[in-house]
Amino acid sequence: MARRSRLVGVGGFLPERIVTNVELASKLDTSDEWIRTRTGITCRHIAAPHDTATSMGAAAAARALSYAGLKASDIDAILVATATPDQAFPATAVRIQAELGMTSGFGYDISSACSGFVFALTTADSLIRSHQAQRVLVIGSEVYSRILDWSDRGTCVLFGDGAGAVILSASESNDGRGILTTHLHSDGQLRDLLYVDGAVGQPEKSGKLRMSGRDVFRHAVEKLSSSVDEALSSCHLTRENIDWLVPHQANIRIIERVAKKLSLPADRVVITVDRHANTSAASIPLALDEAIRDGRIREGELIIMEALGGGLTWGTVLMRL
Ligand code: COA
(Lines give C-alpha, C1' and ligand atoms only; values in the text may rest on other atoms or scores of the structure.)
Protein backbone atom coordinates (compact mmCIF):
# COMPACT_ATOMS: atom_id res chain seq x y z
CA MET A 1 0.00 0.00 0.00
CA ALA A 2 1.42 3.41 -0.97
CA ARG A 3 1.85 6.01 1.74
CA ARG A 4 0.83 9.36 0.28
CA SER A 5 0.47 12.96 1.44
CA ARG A 6 -3.10 14.08 1.14
CA LEU A 7 -4.26 17.68 1.32
CA VAL A 8 -6.72 18.06 4.21
CA GLY A 9 -6.73 21.79 4.93
CA VAL A 10 -6.37 25.15 3.19
CA GLY A 11 -6.24 28.71 4.50
CA GLY A 12 -5.29 32.17 3.32
CA PHE A 13 -4.68 35.65 4.61
CA LEU A 14 -4.51 38.93 2.69
CA PRO A 15 -3.71 42.29 4.24
CA GLU A 16 -6.64 44.70 4.36
CA ARG A 17 -5.21 47.49 2.22
CA ILE A 18 -5.80 47.16 -1.54
CA VAL A 19 -3.64 49.23 -3.87
CA THR A 20 -5.00 49.60 -7.41
CA ASN A 21 -3.00 50.24 -10.57
CA VAL A 22 -4.66 53.64 -10.72
CA GLU A 23 -3.26 54.51 -7.29
CA LEU A 24 0.22 53.40 -8.38
CA ALA A 25 -0.08 55.47 -11.56
CA SER A 26 -0.70 58.55 -9.41
CA LYS A 27 2.79 58.14 -7.88
CA LEU A 28 4.79 56.49 -10.65
CA ASP A 29 5.31 56.83 -14.41
CA THR A 30 3.00 53.94 -15.29
CA SER A 31 -0.65 53.34 -16.19
CA ASP A 32 -3.45 50.95 -15.37
CA GLU A 33 -3.55 50.00 -19.06
CA TRP A 34 0.20 49.15 -19.21
CA ILE A 35 0.07 47.00 -16.07
CA ARG A 36 -3.14 45.19 -17.06
CA THR A 37 -2.13 44.39 -20.62
CA ARG A 38 1.42 43.26 -19.74
CA THR A 39 0.61 41.32 -16.56
CA GLY A 40 -3.15 40.88 -16.00
CA ILE A 41 -2.84 42.64 -12.61
CA THR A 42 -5.47 45.18 -11.54
CA CYS A 43 -4.67 45.50 -7.83
CA ARG A 44 -2.68 43.97 -4.98
CA HIS A 45 -2.89 43.78 -1.15
CA ILE A 46 -0.18 45.63 0.73
CA ALA A 47 0.83 44.83 4.33
CA ALA A 48 0.16 47.25 7.18
CA PRO A 49 3.16 47.95 9.46
CA HIS A 50 1.94 45.28 11.90
CA ASP A 51 1.62 42.56 9.21
CA THR A 52 4.67 40.29 8.99
CA ALA A 53 5.49 36.92 7.46
CA THR A 54 4.85 35.44 10.91
CA SER A 55 1.53 37.16 11.63
CA MET A 56 0.11 36.55 8.15
CA GLY A 57 1.44 32.97 8.02
CA ALA A 58 -0.06 32.22 11.45
CA ALA A 59 -3.44 33.63 10.36
CA ALA A 60 -3.45 31.49 7.19
CA ALA A 61 -2.35 28.45 9.24
CA ALA A 62 -5.15 28.95 11.79
CA ARG A 63 -7.68 28.97 8.93
CA ALA A 64 -6.18 25.80 7.43
CA LEU A 65 -6.36 24.06 10.81
CA SER A 66 -9.97 25.06 11.24
CA TYR A 67 -10.81 23.88 7.68
CA ALA A 68 -9.21 20.50 8.46
CA GLY A 69 -10.87 20.26 11.89
CA LEU A 70 -7.44 19.86 13.50
CA LYS A 71 -5.65 21.42 16.47
CA ALA A 72 -2.12 22.82 16.34
CA SER A 73 -1.04 19.91 18.56
CA ASP A 74 -2.03 17.51 15.75
CA ILE A 75 0.76 18.92 13.54
CA ASP A 76 4.23 17.33 13.51
CA ALA A 77 6.10 19.82 11.33
CA ILE A 78 5.77 23.36 9.97
CA LEU A 79 7.55 24.37 6.77
CA VAL A 80 7.48 28.02 5.80
CA ALA A 81 8.48 29.22 2.36
CA THR A 82 9.45 32.87 2.60
CA ALA A 83 11.97 35.33 1.19
CA THR A 84 10.84 38.00 3.64
CA PRO A 85 11.23 36.53 7.15
CA ASP A 86 10.72 38.73 10.23
CA GLN A 87 14.26 37.93 11.41
CA ALA A 88 17.37 36.30 9.93
CA PHE A 89 16.77 33.72 12.63
CA PRO A 90 14.95 32.09 14.31
CA ALA A 91 13.00 30.75 11.36
CA THR A 92 9.55 32.14 10.64
CA ALA A 93 8.32 28.54 11.07
CA VAL A 94 9.24 28.42 14.77
CA ARG A 95 7.74 31.85 15.35
CA ILE A 96 4.49 30.57 13.80
CA GLN A 97 4.81 27.39 15.89
CA ALA A 98 4.81 29.60 19.01
CA GLU A 99 1.93 31.78 17.72
CA LEU A 100 -0.17 28.66 17.21
CA GLY A 101 0.64 27.45 20.74
CA MET A 102 2.39 24.30 19.50
CA THR A 103 4.78 22.85 22.04
CA SER A 104 5.88 19.78 20.07
CA GLY A 105 7.08 18.98 16.55
CA PHE A 106 9.57 21.04 14.57
CA GLY A 107 9.68 23.81 12.01
CA TYR A 108 12.06 25.38 9.52
CA ASP A 109 12.05 27.80 6.61
CA ILE A 110 12.71 27.19 2.94
CA SER A 111 14.25 29.86 0.73
CA SER A 112 13.42 29.38 -2.96
CA ALA A 113 11.74 32.72 -3.68
CA CYS A 114 8.61 32.37 -5.84
CA SER A 115 9.10 28.59 -6.15
CA GLY A 116 9.18 28.29 -2.35
CA PHE A 117 5.78 26.69 -1.94
CA VAL A 118 6.51 23.97 -4.50
CA PHE A 119 9.86 23.28 -2.78
CA ALA A 120 8.21 23.23 0.67
CA LEU A 121 5.40 20.94 -0.51
CA THR A 122 7.99 18.55 -1.95
CA THR A 123 9.92 18.54 1.33
CA ALA A 124 6.74 18.01 3.34
CA ASP A 125 5.79 15.09 1.08
CA SER A 126 9.22 13.54 1.67
CA LEU A 127 8.85 13.92 5.45
CA ILE A 128 5.50 12.15 5.29
CA ARG A 129 6.57 9.37 2.94
CA SER A 130 9.65 8.67 5.05
CA HIS A 131 7.49 8.40 8.21
CA GLN A 132 9.17 11.38 9.87
CA ALA A 133 5.85 13.17 10.11
CA GLN A 134 2.18 12.30 9.94
CA ARG A 135 0.83 15.82 9.36
CA VAL A 136 2.73 18.81 7.99
CA LEU A 137 1.64 22.43 7.82
CA VAL A 138 3.08 24.06 4.70
CA ILE A 139 2.94 27.85 4.54
CA GLY A 140 3.96 30.49 2.00
CA SER A 141 4.08 33.95 3.55
CA GLU A 142 5.53 37.06 1.95
CA VAL A 143 5.80 40.82 2.47
CA TYR A 144 7.48 41.76 -0.80
CA SER A 145 6.29 45.35 -0.35
CA ARG A 146 9.28 45.67 2.04
CA ILE A 147 11.88 44.53 -0.51
CA LEU A 148 10.55 46.42 -3.52
CA ASP A 149 12.21 49.50 -4.94
CA TRP A 150 9.08 51.67 -5.13
CA SER A 151 10.80 53.95 -7.65
CA ASP A 152 11.40 51.06 -10.11
CA ARG A 153 8.26 50.79 -12.24
CA GLY A 154 9.59 47.64 -13.92
CA THR A 155 9.28 45.63 -10.68
CA CYS A 156 7.17 47.37 -8.01
CA VAL A 157 3.90 47.09 -9.94
CA LEU A 158 4.20 43.30 -10.15
CA PHE A 159 4.09 42.15 -6.52
CA GLY A 160 1.72 42.00 -3.54
CA ASP A 161 1.67 40.67 0.03
CA GLY A 162 -0.17 37.72 1.57
CA ALA A 163 0.02 34.22 3.02
CA GLY A 164 -1.43 30.82 2.20
CA ALA A 165 -1.28 27.52 4.06
CA VAL A 166 -2.12 23.88 3.45
CA ILE A 167 -2.06 20.82 5.67
CA LEU A 168 -0.79 17.53 4.32
CA SER A 169 -1.72 14.35 6.12
CA ALA A 170 -0.38 10.82 5.64
CA SER A 171 -2.80 8.46 3.94
CA GLU A 172 -2.34 4.72 3.51
CA SER A 173 -5.42 4.32 1.35
CA ASN A 174 -5.27 2.99 -2.19
CA ASP A 175 -7.70 5.55 -3.64
CA GLY A 176 -5.04 7.35 -5.68
CA ARG A 177 -5.53 10.62 -3.81
CA GLY A 178 -2.62 12.74 -2.57
CA ILE A 179 0.65 13.98 -4.02
CA LEU A 180 1.60 11.77 -7.00
CA THR A 181 4.93 13.26 -8.00
CA THR A 182 7.17 16.30 -7.43
CA HIS A 183 9.98 17.70 -9.59
CA LEU A 184 12.43 20.40 -8.50
CA HIS A 185 15.12 22.28 -10.42
CA SER A 186 17.52 25.17 -9.96
CA ASP A 187 20.19 26.81 -12.09
CA GLY A 188 22.47 29.13 -10.15
CA GLN A 189 24.04 30.37 -13.40
CA LEU A 190 20.82 32.36 -13.78
CA ARG A 191 20.91 33.90 -10.28
CA ASP A 192 21.38 37.45 -11.56
CA LEU A 193 18.10 37.51 -13.50
CA LEU A 194 15.99 37.89 -10.35
CA TYR A 195 17.49 38.59 -6.94
CA VAL A 196 17.48 40.75 -3.85
CA ASP A 197 20.45 43.01 -3.76
CA GLY A 198 21.81 42.58 -0.19
CA ALA A 199 20.54 41.15 3.10
CA VAL A 200 21.77 40.91 6.68
CA GLY A 201 25.10 39.51 5.42
CA GLN A 202 25.57 42.45 3.03
CA PRO A 203 24.05 45.42 4.88
CA GLU A 204 25.84 47.96 2.68
CA LYS A 205 23.61 46.96 -0.28
CA SER A 206 20.05 48.17 -0.85
CA GLY A 207 18.18 44.95 0.00
CA LYS A 208 15.75 45.58 -2.89
CA LEU A 209 14.44 43.23 -5.58
CA ARG A 210 16.09 43.46 -9.01
CA MET A 211 14.93 41.71 -12.16
CA SER A 212 15.56 41.32 -15.88
CA GLY A 213 11.87 40.98 -16.72
CA ARG A 214 12.15 39.80 -20.32
CA ASP A 215 14.71 37.10 -19.54
CA VAL A 216 12.68 35.83 -16.60
CA PHE A 217 9.59 35.72 -18.82
CA ARG A 218 11.37 33.66 -21.47
CA HIS A 219 12.84 31.18 -18.97
CA ALA A 220 9.50 30.88 -17.17
CA VAL A 221 7.57 29.83 -20.28
CA GLU A 222 10.28 27.41 -21.40
CA LYS A 223 11.12 25.82 -18.05
CA LEU A 224 7.57 25.57 -16.71
CA SER A 225 6.37 23.92 -19.90
CA SER A 226 9.08 21.26 -19.77
CA SER A 227 8.62 20.76 -16.02
CA VAL A 228 4.93 20.10 -16.52
CA ASP A 229 5.73 17.52 -19.25
CA GLU A 230 8.27 15.89 -16.95
CA ALA A 231 5.70 15.53 -14.14
CA LEU A 232 3.04 14.05 -16.43
CA SER A 233 5.31 11.55 -18.13
CA SER A 234 6.78 10.37 -14.81
CA CYS A 235 3.24 9.26 -13.84
CA HIS A 236 2.36 7.95 -17.31
CA LEU A 237 -0.35 10.59 -17.54
CA THR A 238 -1.21 12.87 -20.42
CA ARG A 239 -2.44 16.44 -20.44
CA GLU A 240 -6.00 15.19 -21.01
CA ASN A 241 -5.89 13.76 -17.47
CA ILE A 242 -5.37 17.19 -15.86
CA ASP A 243 -8.44 18.80 -14.30
CA TRP A 244 -6.83 21.98 -12.94
CA LEU A 245 -3.76 24.11 -13.38
CA VAL A 246 -2.95 25.99 -10.16
CA PRO A 247 0.11 27.99 -11.21
CA HIS A 248 2.34 30.44 -9.42
CA GLN A 249 0.72 33.78 -10.16
CA ALA A 250 3.47 35.92 -11.69
CA ASN A 251 1.97 37.11 -14.95
CA ILE A 252 -1.22 36.16 -16.80
CA ARG A 253 0.72 35.83 -20.05
CA ILE A 254 3.09 33.20 -18.58
CA ILE A 255 0.10 31.31 -17.12
CA GLU A 256 -1.76 31.37 -20.44
CA ARG A 257 1.24 29.99 -22.32
CA VAL A 258 1.55 27.03 -19.93
CA ALA A 259 -2.23 26.45 -20.01
CA LYS A 260 -2.11 26.42 -23.81
CA LYS A 261 0.66 23.85 -23.73
CA LEU A 262 -1.60 21.68 -21.54
CA SER A 263 -4.60 22.43 -23.83
CA LEU A 264 -6.52 23.56 -20.76
CA PRO A 265 -9.40 26.01 -21.27
CA ALA A 266 -9.34 29.21 -19.18
CA ASP A 267 -12.04 27.93 -16.81
CA ARG A 268 -9.71 25.08 -15.72
CA VAL A 269 -6.96 27.47 -14.62
CA VAL A 270 -7.11 29.11 -11.19
CA ILE A 271 -6.26 32.79 -11.50
CA THR A 272 -5.67 35.24 -8.66
CA VAL A 273 -2.92 37.37 -10.22
CA ASP A 274 -5.55 39.92 -11.31
CA ARG A 275 -6.43 40.72 -7.68
CA HIS A 276 -3.35 39.63 -5.70
CA ALA A 277 -0.49 40.34 -8.15
CA ASN A 278 2.57 38.14 -7.51
CA THR A 279 2.64 37.12 -3.83
CA SER A 280 5.67 34.88 -4.41
CA ALA A 281 5.59 31.71 -2.25
CA ALA A 282 2.08 32.57 -1.06
CA SER A 283 0.47 32.61 -4.50
CA ILE A 284 -0.22 28.88 -5.03
CA PRO A 285 -1.66 28.20 -1.56
CA LEU A 286 -3.79 31.36 -1.82
CA ALA A 287 -5.12 30.15 -5.19
CA LEU A 288 -5.77 26.65 -3.81
CA ASP A 289 -7.57 28.13 -0.80
CA GLU A 290 -9.85 30.16 -3.04
CA ALA A 291 -10.68 27.43 -5.55
CA ILE A 292 -11.19 24.63 -2.99
CA ARG A 293 -13.35 26.77 -0.69
CA ASP A 294 -15.58 28.04 -3.50
CA GLY A 295 -16.12 24.45 -4.68
CA ARG A 296 -14.40 24.74 -8.07
CA ILE A 297 -11.79 22.08 -7.33
CA ARG A 298 -13.42 18.90 -6.10
CA GLU A 299 -12.31 15.73 -4.37
CA GLY A 300 -10.68 13.27 -6.75
CA GLU A 301 -9.63 15.89 -9.32
CA LEU A 302 -6.09 16.06 -10.64
CA ILE A 303 -4.22 19.32 -10.03
CA ILE A 304 -0.92 20.44 -11.46
CA MET A 305 0.97 23.17 -9.59
CA GLU A 306 4.03 24.86 -11.07
CA ALA A 307 6.29 27.78 -10.14
CA LEU A 308 9.47 29.54 -11.15
CA GLY A 309 11.39 32.07 -9.11
CA GLY A 310 14.72 33.65 -8.22
CA GLY A 311 17.68 31.27 -8.42
CA LEU A 312 16.43 30.48 -10.91
CA THR A 313 14.42 27.77 -9.19
CA TRP A 314 11.42 25.97 -10.63
CA GLY A 315 9.31 22.89 -10.11
CA THR A 316 6.02 21.05 -10.37
CA VAL A 317 3.75 19.11 -8.03
CA LEU A 318 1.05 16.79 -9.31
CA MET A 319 -1.68 16.04 -6.78
CA ARG A 320 -5.06 14.34 -6.74
CA LEU A 321 -7.30 16.11 -4.24
N1 COA B 1 4.71 51.11 -16.70
C2 COA B 1 4.96 51.63 -17.92
N3 COA B 1 6.01 51.28 -18.66
C4 COA B 1 6.85 50.36 -18.14
C5 COA B 1 6.65 49.78 -16.88
C6 COA B 1 5.53 50.20 -16.15
N7 COA B 1 5.21 49.70 -14.94
N8 COA B 1 7.62 48.91 -16.63
C9 COA B 1 8.45 48.93 -17.70
N10 COA B 1 7.97 49.80 -18.60
C11 COA B 1 8.53 50.14 -19.90
C12 COA B 1 9.98 49.82 -20.02
O13 COA B 1 10.75 50.88 -19.47
C14 COA B 1 10.17 49.68 -21.51
O15 COA B 1 10.27 50.96 -22.07
P16 COA B 1 11.32 51.24 -23.25
O17 COA B 1 10.93 50.31 -24.35
O18 COA B 1 11.09 52.68 -23.52
O19 COA B 1 12.65 50.92 -22.63
C20 COA B 1 8.81 49.12 -21.99
O21 COA B 1 7.89 49.35 -20.91
C22 COA B 1 8.85 47.64 -22.32
O23 COA B 1 9.49 47.00 -21.30
P24 COA B 1 9.72 45.45 -21.35
O25 COA B 1 10.45 45.06 -20.14
O26 COA B 1 10.27 45.06 -22.65
O27 COA B 1 8.21 44.93 -21.29
P28 COA B 1 7.69 43.45 -21.30
O29 COA B 1 6.70 43.28 -22.36
O30 COA B 1 8.78 42.44 -21.21
O31 COA B 1 6.90 43.38 -19.92
C32 COA B 1 7.23 42.56 -17.70
C33 COA B 1 7.60 43.60 -18.73
C34 COA B 1 8.04 42.78 -16.44
C35 COA B 1 5.75 42.71 -17.37
C36 COA B 1 7.47 41.15 -18.29
O37 COA B 1 8.77 41.09 -18.82
C38 COA B 1 7.32 40.08 -17.28
O39 COA B 1 6.25 39.83 -16.76
N40 COA B 1 8.40 39.32 -16.98
C41 COA B 1 8.34 38.27 -16.03
C42 COA B 1 8.44 38.86 -14.68
C43 COA B 1 8.06 37.90 -13.61
O44 COA B 1 7.11 37.19 -13.75
N45 COA B 1 8.83 37.92 -12.53
C46 COA B 1 8.57 37.16 -11.38
C47 COA B 1 8.86 35.73 -11.63
S48 COA B 1 8.54 34.86 -10.17
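### Here we look at the site of the ligand
(1) Moving on: Contacts to the ligand come from 22 residues, most closely from T30, R38, R153, R214 and N251.
(2) Moving on: In this structure, T30 approaches the ligand through a side-chain N or O atom, which is 2.6 Å from a nitrogen atom.
(3) Moving on: One of the backbone N or O atoms of G213 is found 2.9 Å from a nitrogen atom in the ligand.
(4) Moving on: Computed on the free molecule, the ligand has an accessible area of 960 Å², of which 73% lies beneath the protein chains in the complex.
(5) Moving on: Elements supplying a minimum of two residues to the shell around the ligand: α2 (32–39), α6 (153–156), α7 (213–234) and α8 (252–261).
(6) Moving on: Of the domains in this structure, domain 1 (4–171) and domain 2 (178–320) are the two that each give at least three residues to the shell around the ligand.

### Things to note about the domain arrangement of the protein chain
(1) Moving on: Assigned domains within the protein chain: domain 1 (4–171) and domain 2 (178–320).
(2) Moving on: The centre of domain 1, based on its C-alpha atoms, is set 14 Å off from the matching centre of domain 2.
(3) Moving on: Across the contact, 54 residues belong to domain 1 and 46 residues belong to domain 2.
(4) Moving on: In this assembly, domain 1 and domain 2 are joined by 1 salt bridge.
(5) Moving on: Summed over the shared surface of domain 1 and domain 2, the result is 23 residue pairs in polar contact (both at pLDDT 80 or more).

### Topic: the state of the cysteines
(1) Moving on: Within the structure shown, the criterion is met by 0 disulfides.
(2) Moving on: The thiol sulfur of C43 is not disulfide-bonded, and the nearest other cysteine sulfur, from C156, lies at 15 Å.
(3) Moving on: The exposure class assigned to C43 is buried, which follows from its relative accessible area of 13%.

### Concerning the packing of aromatic side chains
(1) Moving on: If you walk through the whole model with that rule in mind, you get 2 aromatic pairs.
(2) Moving on: Summarising the aromatic geometry, the rings of F106 and Y108 are spaced 6.3 Å apart at their centres and angled 5 degrees between planes, so their arrangement reads as stacked.
(3) Moving on: Taking relative accessible area as the criterion, F106 reaches 31% and is therefore assigned partly exposed.
(4) Moving on: Judged by relative accessible area, Y108 falls into the partly exposed class, the value being 30%.
(5) Moving on: Note that K223 overlies the ring of W314, its terminal NZ or CZ placed 5.1 Å from the centroid.
(6) Moving on: For the cation-ring pair, R268 lies above W244, with the distance from its terminal atom to the ring centre recorded as 4.5 Å.

### A look at the environment of G198
(1) Moving on: Following the sequence through the fold, G198 ends up in the loop between β9 (194–197) and β10 (208–211).
(2) Moving on: Since its relative accessible area comes to 11%, G198 is described here as buried.
(3) Moving on: Leave out the neighbours within four places in its chain, and G198 touches K205 and G207.

### Section: the nonpolar core
(1) Moving on: Counting 47 residues, the largest nonpolar core has L245, L262 and I304 as the members making the most contacts within it.
(2) Moving on: Going through the elements one at a time, α7, α8, β12 (302–309) and β13 (313–320) are the ones with two or more residues in this core.
(3) Moving on: Element by element, the count of residues in this core is highest for α7, at 8 residues.
(4) Moving on: Shared between two domains, this core takes at least three residues from each, and those domains are domain 1 (4–171) and domain 2 (178–320).
(5) Moving on: Aside from chain neighbours lying at most four places away, what touches L262 is V228, L232, R239, L245 and I304.
(6) Moving on: Counting residues in hydrophobic clusters, the runner-up holds 37 residues, among them V10, A81, I110 and I128.

### Topic: the sheet that holds strand β7 (residues 162–171)
(1) Moving on: Here 5 strands make up an open sheet; going across it, the order is β1-β7-β6-β4-β5 and the pairing mixed. For this open sheet the edge positions go to β1 (4–13) and β5 (106–110), each flanked by a neighbour on one side alone. Strand-to-strand twist across the sheet, computed as the mean angle between neighbouring axes with direction ignored, equals 20 degrees.
(2) Moving on: With 9 bridges joining them, β1 and β7 adopt antiparallel strand pairing. Each bridged residue has a counterpart across the sheet, and for G11 the counterpart in β7 is A165.
(3) Moving on: Sitting on the sheet, helix α3 (residues 53–68) touches β1, β6 (135–142) and β7, and the angle it makes with β1 is about 125 degrees.

Cut-offs and rules
Note that residues are indexed from 1 along each chain, following the sequence as it is written. The predicted nature of this model means local features are confined to residues of pLDDT at least 70 and side-chain atom pairs, given and counted, to a pLDDT of 80 or more, with totals for whole chains, interfaces and linings taken over all residues. Just so you know, side-chain values use all the structure's heavy atoms and leave hydrogens and water out. A single heavy atom is enough: if one lies within 4 Å of a molecule or strand, its residue is considered near that molecule or strand. Polar contacts, as counted here, are pairs of nitrogen or oxygen atoms within 3.5 Å of one another; within protein the pair requires one atom able to donate a hydrogen and one able to accept it, and residues that are adjacent in sequence qualify only if both atoms are side-chain atoms. Computed with the Shrake-Rupley method and a 1.4 Å probe, the accessible areas treat only the protein chains shown as cover for residues. Helix and strand definitions follow DSSP, with helices as H or I runs of at least four residues and strands as E runs of at least two, each counted in order from the N terminus. By convention here, the domain bounds are inherited from an automatic or database domain assignment. What makes two residues a contact is simply this: any of their non-hydrogen atoms within 4.5 Å. Salt bridges are defined as contacts in which a side-chain nitrogen from Lys or Arg sits within 4 Å of a carboxyl oxygen from Asp or Glu. The criterion for a disulfide is a pair of cysteine sulfur atoms lying within 2.5 Å. Between buried and exposed lies partly exposed: a residue is buried under 20% and exposed over 50% of the maximum accessible area for its type, with that area taken using a 1.4 Å probe on protein chains only. Two rings from Phe, Tyr or Trp (for Trp, the six-membered ring) form a pair when their centres sit within 6.5 Å of each other. Planes less than 30 degrees apart are called stacked, planes more than 60 degrees apart edge-to-face, and all others tilted. Counting as a charge over the ring demands two things of the Lys NZ or Arg CZ atom: a distance within 6 Å of the ring centre and an angle within 35 degrees of the ring normal. For our purposes a nonpolar core is just a set of buried Ala, Val, Leu, Ile, Met, Phe, Trp, Tyr and Cys residues, chained together by side-chain atoms within 4.5 Å. Being paired, for any two strands, means DSSP has found at least two bridges between them. In this analysis an axis means a line fitted to C-alpha atoms, helices contributing only their contacting stretch, and an angle means the value between N-to-C directions, from 0 to 180 degrees.

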